[in-house]
Amino acid sequence: MKRFFIGALAFIGALSILFVVGVVGLLMLAASSKPGVPSNLVLELDLQQPLPEYTLDTSLAGAFGEEPTSLRDVVEGLEKGRTDPRVKSLVVRIGQPGSAAQVQELRDAVKAFRAAGKRAVAYADGFGEAGNGTGAYYLATAFDAVYIQPSGDVGLTGLVMETPFARDAFAKFGVKPEFSKRAEYKNAVNTFTDESYGAPQREATEAYGRSLFSQVVKGVAEGRKLSEDEVRALIDRAPFMGQAAVDAKLVDGLRYRDEIHDELKKEAGEGAQLLYVDKYLERAGRPNQTGPTIALIYGVGEVLRGKSQSNPLSGGQVMGGDTVAAAFRKAVEDPSVKAILFRVDSPGGSYSASDTVRREVQRAREAGKPVIVTMGTYAASGGYFVAMAGDKIVAQPGTLTGSIGVYNGKFVTSELWAKLGVNFDTIAFGKNATFASSDQEFTPEQRAQLESELDTIYLDFTSRAAQARNMPLEKLQSVAKGRVWTGEDALERGLVDALGGYPKALELAKEAAKLEKDAPVRIVVFPRPRPTGQVLSELLGKHDADNSDDEAAGSQAVLSSQMLEQVRAVYRVGAKLGLTGQGAEGRMLYAPVPEVRW
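These remarks concern the structure in this document. (Residues numbered from 1 in each chain as written. Predicted model: local features only at pLDDT ≥ 70, side-chain atom pairs only at ≥ 80, totals over all residues. Heavy atoms only, no water.)

## Observations regarding helix H12 (residues 321-333)
- In a regular helix each residue adds 1.5 Å, so 13 residues correspond to 18 Å; H12 covers 18 Å between its end C-alpha atoms and thus fits that length.
- Those residues of H12 not exposed but buried are Gly321, Thr323, Val324, Ala325, Ala326, Ala327, Phe328 and Ala331. (Helix = DSSP H or I, 4+ residues; strand = E, 2+ residues; numbered from the N terminus. Expected span 1.5 Å × (residues − 1). Buried < 20%, exposed > 50% of the residue type's maximum accessible area, 1.4 Å probe, protein only.)

## Some thoughts on the packing of H12 against helix H13 (residues 351-366)
- Close contact between H12 and H13 brings their axes to 8 Å; oriented N to C, the two are set at 10°. Taken together, H12 and H13 sit at an angle that is classed as roughly parallel. Facing H12, whose interface residues are Gly321, Val324, Ala325, Phe328, Arg329 and Val332, H13 presents Ala353, Thr356, Val357, Glu360, Val361, Arg363 and Ala364.
- Its residues assigned to classes, the contact of H12 with H13 shows eight nonpolar, two polar and three charged. (Axes fitted to C-alpha atoms, helices over the stretch in contact; angles between N-to-C directions. Parallel < 35°, antiparallel > 145°, perpendicular 65-115°, else oblique. Contact = heavy atoms within 4.5 Å. Nonpolar A, V, L, I, M, F, W, Y, C, P; charged D, E, K, R; others polar.)

## A closer look at the sheet that holds strand S2 (residues 87-94)
- Within the open sheet, the six strands sit side by side as S9-S4-S3-S2-S1-S10. Their pairing is parallel. Each edge of the open sheet carries a strand with a single partner, namely strand S9 (253-254) and strand S10 (273-276).
- Judged from the five bridges that link them, S2 and strand S3 (residues 119-124) form a sheet pairing that is parallel. Bridging across to S3, Leu90 finds its partner in Ala120.
- Most of the contacts of helix H2 (residues 71-81) go to strand S1 (residues 41-47), to which it runs at about 165°, and overall it touches S1 and S2.
- Together, S1, S2 and S10 form the strand contacts of helix H11 (residues 277-284), whose direction differs from that of S10 by roughly 85°. (Pairing = 2+ DSSP bridges.)

## Remarks on the packing of aromatic side chains
- According to the stated counting rule, one finds 14 aromatic pairs in the structure shown.
- Aromatic side chains Tyr351 and Phe385 sit 6.0 Å apart centroid to centroid with 85° between the ring planes, which places their arrangement in the edge-to-face category. Taken together, the residues span a long stretch of sequence, with Tyr351 in helix H13 and Phe385 in helix H14 (residues 382-387) at a distance of 34 residues.
- On the basis of relative accessible area, Tyr351 is assigned to the partly exposed category, the value being 22%.
- Clustering of aromatic rings is evident, with ring pairs tying together Phe170, Phe179, Phe192, Tyr407 and Phe411.
- Above the plane of the ring of Tyr502 lies Arg343, whose end atom (NZ or CZ) is 4.2 Å from the centre.
- Across from the ring centre of Tyr185, 5.0 Å away, lies the NZ or CZ of Arg483, which sits over that ring. (Phe/Tyr/Trp six-rings, centres within 6.5 Å; stacked < 30°, edge-to-face > 60°. Lys NZ or Arg CZ within 6 Å of the ring centre and 35° of its normal.)

## Details of the pattern of salt bridges
- Tallied over the full model, the rule gives 30 salt bridges.
- The salt bridge involving Arg182 is made with Glu451; its shortest N-O contact spans 2.6 Å. Separated by 269 residues along the polypeptide, Arg182 in strand S7 (residues 176-182) and Glu451 in helix H16 (residues 444-468) bring together distant segments of the chain.
- The exposure class of Glu451 is partly exposed, given its relative accessible area of 22%.
- Asp391 is paired through a salt bridge with Arg365; the nearest N and O atoms lie 3.1 Å apart. Of this pair, Asp391 sits in the loop between H14 and strand S18 (392-395) while Arg365 sits in helix H13, placing them 26 residues apart in sequence. (Salt bridge = Lys/Arg side-chain N within 4 Å of Asp/Glu carboxyl O.)

## With respect to the side chain of Gln102
- Within the secondary structure, Gln102 sits in helix H3 (residues 100-115).
- Using a relative accessible area of 9% as the deciding quantity, one classes Gln102 as buried.
- A polar side-chain atom of Gln102 sits 2.9 Å from the main-chain carbonyl oxygen of Leu51.
- There is a polar contact of 2.9 Å between the side chain of Gln102 and the backbone nitrogen of Ser99.
- Here Gln102 is in contact with Pro50, Leu51, Leu71, Pro97 and Thr377, once residues within four sequence places are set aside. (Polar contact = N/O pair within 3.5 Å; in protein donor to acceptor, adjacent residues only side chain to side chain.)

This is a description of form; function is not addressed.
Given below as C-alpha cells:
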C-alpha cells in the first residue's frame, strides 16, 4: 500500500511537471510563430460589450482563453494605425460601448485617427432595437459615416437615471439601516433609508444627468452637422426606423455588414484584409516603446486593503491598497522612470486603503517623480482621495468625479432573525464591544462616537483635498458635501485640471518631466508583469517574494467565464441594495455610480 501511494504521488508530480513544460512550450511556440501585418489592411473592432479598463496580470490569461482587449489597447492601436501606411481605414461594429467616459475616450481616439487622413466607418444592426441606443449612437457620430441594417433603428431617446430605494423592503423584512453621512449630497445611504429622491439627491442627480445630456447633444450635433436644437428635437421624436433615420440625417445609409466590409476592402487596395485592432497591436507593436520611461499604474475598482484582485461575481476588480502602493514605490525606486501616469477608475471604498495609496502618490512627488492622474469612468469618494495628490488631474467630460464625503453605519437584523425564530444573546466585554454588531442598535454613546468619526474623516478629506488643489478650505467644502460632478463640471470648480484621456495625460507627463512634446517615451506598466514560471509557482502555492514590496506587488486574480453572467446580474442588484459585497465595512469613502441607461 505504501508503494502504491508513493507511486501515485510520483505520477501526479510528473504530470504537474509535464503540464508546466507544456504550457511554457506552447507560449514560446506562439511567440515564435507570430504572423505579420498585411500590406493593405482595414482595422476592425467589435464593441458589442464594454471594454475593460484593465485586466489584472496573471501572465497566463492568454494561455487559457482570449485575454480581453482593454480600452488602452484600442486607444494605442488607433494611435499606432494612424501613422502606419499599411492601415487604410477603420470599421467598428457598435453595440454596448460602456460609460460616458469610455465612449468619450474612444471618440477622441477615432477623431485623431480621422485627423491623420484615415477613414472611419461605424455600423450597427440597429442602435437600440426598440430600446435605448443613445450611448452607442453618440460614439458612432465620431466616425466619417454611420450605417445600420435596413431592418435596424436608431434609438436616440436620451438618458434615464435610476436609483433603487429599499427602505420599505428593509422594514418588511425587519432590517433597520443605521447610517450617518457627511454631507447632505453623500447619497450612498439613501437607498437604504429613503423611499424616493430627496431634494439634495434629486438636485445633484439632475445636474449630473443634465451635464451628460448636454455633452451627448453637442457631440451628436458636431458629428452629424446639425444644430443642437435639431438634435434635441430628434431625441424627442426617436426612435427612428430604417429610412426615417436616413431622412433625419442620423445615418448615411442602410447597409449590411458584408456590403460595408467589401467597400472598405476595395477602397484599401488589392489584397486588403481585415484585422482586429488588438491583433494589429500585437503584431505591429505598441507605440511609446522607446525613450525615457513613463510608468503607468492602474488603480481600478473598489478600494480595499490588501492585494488587488478580481471579483468573479461582479465581474469587476478590487484596487488593493497594498498592491497600488507597492507599484508606486517600485516606480520611484526605478531610476529610469521620469514621471508616473496614474489611471484611476474607482468608486472608492476603504478610508485607510485610500489613504495608503494617497500617501504613496505624495511620496512619489516628493521624490521628484511627477504624477499625472488620468480618470476613467469614475474617480469618486475614495477614488478621488487617491487621485487628488497628483500634480495634475485629467478627466473626461463624462467622468463621475468628486463625491468628497463619507458615510458609515450598519444594518441591524435582530428583528429579521426573530421573525425566523432565531434569537441572539450577547455577552460583551468592553463598553463598545457591540459597536459593529448587527444584533443591537447603536447606544447613544456609540452614535455620538460614530458622528465624531465622520466629522474627523470629513475634515481630513476636505482639508487634504483643499491643500492638494491649492484651494481655501471653505471653497473646497462648498463643492464637496458628498456631491458628484461630471468631469466637465469638476473642471469649472477646480477639482480637475484638464479634460481628455490617455493622450492628454501623457502630454502633461512629458511636460512635467521636462521632455519635448513630441519626444519619444517608453510606457511601462507597474507592477511589471511576472514571469510565467512565477505565476505557475504561485498557482501551485509557492511564493518567492523577497520582501513585503515584492509580495504586495502581486495580485490575486480569478479568471471568470460567461457562465457567471446570470449570477453576476443578481449580484449587481444585491450590491446596489447593500445585500452583497463588503457591506458597510471598508466602504466609508464610497460612491455608487448612478444607474444611467442610454
